[in-house]
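Letter by letter, the chains look like this.
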Amino acid sequence: MNERILVVNGPNLSRLGRREPDLYGRESLEDVQRRLERRAQALNCQVTFVQSNHEGALIDAIQAAEETHEGIILNPGAYGHTSIALRDCLAGSPLPAVEVHLTNIHAREPFRHRLLTAPVCLGVVAGLGPLGYELALEALVAHVRSRHAS
């Protein structure tokens, strides 16, 4: 099928492997992306990556993807807890999205338990580290393919 999936990473994810490695792991964002590219190849789909620390750049990328992609994997970082603008962008997009968090947000500080973006996503994968991206890709591709089969 060769679906095109946009992988959007929010603030501080460019520092993976260096930022609090005991919490977020030792793999860099580039390591995570290479892993996901291998999984995408096995699933016969394509992944495109965007990372920004700026809310508007994430919104621009999601809006632009509506013309070129079939789905979105989103790790909004802290914006998942705070950004009404990002939530509204996802809600207004025709593309299905799966949200990913490397850590188990429910085992962390209370302010991380609530996600503004999750209710407008197809699903959420949290607490499984970089494997979460791969699981999100599998679920999203299966969802897109099932919609095309209908």
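Quantities reported herein were computed from a predicted structural model and do not represent experimental measurements.

## Considering the packing of helix 3 (residues 55-65) against helix 5 (residues 84-92)
Where helix 3 contacts helix 5, the axes come no closer than 10 Å and their chain directions differ by 0°. Judged by the angle between their axes, helix 3 and helix 5 are roughly parallel. Taking contact as the criterion, the partners of Glu55, Leu58, Ile59, Ile62 and Gln63 in helix 3 are, on helix 5, Ala85, Leu86, Cys89 and Leu90. Across the contact of helix 3 with helix 5, the residue classes tally to seven nonpolar, one polar and one charged.

## What about the nonpolar core?
Ile5, Leu16, Val47, Ile73, Tyr133 and Leu137 are the most contacted members of the largest nonpolar core, which has 23 residues in total. Looking at this core, the elements with two or more residues in it are strand 1 (4-9), helix 2 (29-43), strand 4 (97-101) and helix 6 (131-149). In this structure, Ile62, Cys89, Ala97 and Cys121 belong to the second largest nonpolar core, which totals 16 residues.

## Some remarks on the packing of helix 2 against helix 6
Put simply, helix 2 and helix 6 touch, their axes get as near as 9 Å, and they point 30° apart. Considered as vectors, helix 2 and helix 6 are oriented roughly parallel to each other. Once helix 2 is placed against helix 6, the crossing between them reads as right-handed. Mapping the contact onto sequence places Val32, Arg35, Leu36, Arg39, Ala40 and Leu43 in helix 2 and Leu131, Tyr133, Glu134, Leu137, Glu138 and Arg145 in helix 6. By residue class, the composition of the contact of helix 2 with helix 6 is seven nonpolar, no polar and five charged.

## Quick notes on the state of the cysteines
By definition, a disulfide links two cysteine residues through a covalent bond between their sulfur atoms. Per the stated rule, a full pass over the model turns up zero disulfides. Left unpaired, cysteine 45 is separated from the closest cysteine sulfur, that of cysteine 121, by 18 Å. For cysteine 121, which is in no disulfide, the shortest distance to another cysteine sulfur is to cysteine 89 and amounts to 11 Å. Under the relative-accessibility criterion, cysteine 121 is labelled buried at 11%.

## Regarding the UniProt feature "active site" (unreviewed entry) in the protein chain
In the numbering used here, UniProt assigns the "active site" (unreviewed entry) feature to Tyr24 and His101. With the annotated positions falling across 78 residues, the maximum pairwise C-alpha distance of 9.7 Å places them together in a single cluster. On the secondary structure map, tyrosine 24 appears in helix 1 (residues 21-24). Beyond its immediate chain neighbours, meaning those up to four positions away, tyrosine 24 contacts Leu16, Arg19, Leu102, Thr103 and Arg108.

Thresholds, definitions, all that
Residues numbered from 1 in each chain as written. Predicted model: local features only at pLDDT ≥ 70, side-chain atom pairs only at ≥ 80, totals over all residues. Heavy atoms only, no water. Axes fitted to C-alpha atoms, helices over the stretch in contact; angles between N-to-C directions. Helix = DSSP H or I, 4+ residues; strand = E, 2+ residues; numbered from the N terminus. Parallel < 35°, antiparallel > 145°, perpendicular 65-115°, else oblique. Contact = heavy atoms within 4.5 Å. Nonpolar A, V, L, I, M, F, W, Y, C, P; charged D, E, K, R; others polar. Core = buried A, V, L, I, M, F, W, Y, C linked by side-chain atoms within 4.5 Å. Buried < 20%, exposed > 50% of the residue type's maximum accessible area, 1.4 Å probe, protein only. Left-handed = near helix turned anticlockwise from the far one by under 90°. Disulfide = S-S within 2.5 Å. UniProt positions renumbered as here; feature names shortened; annotations may be inferred.

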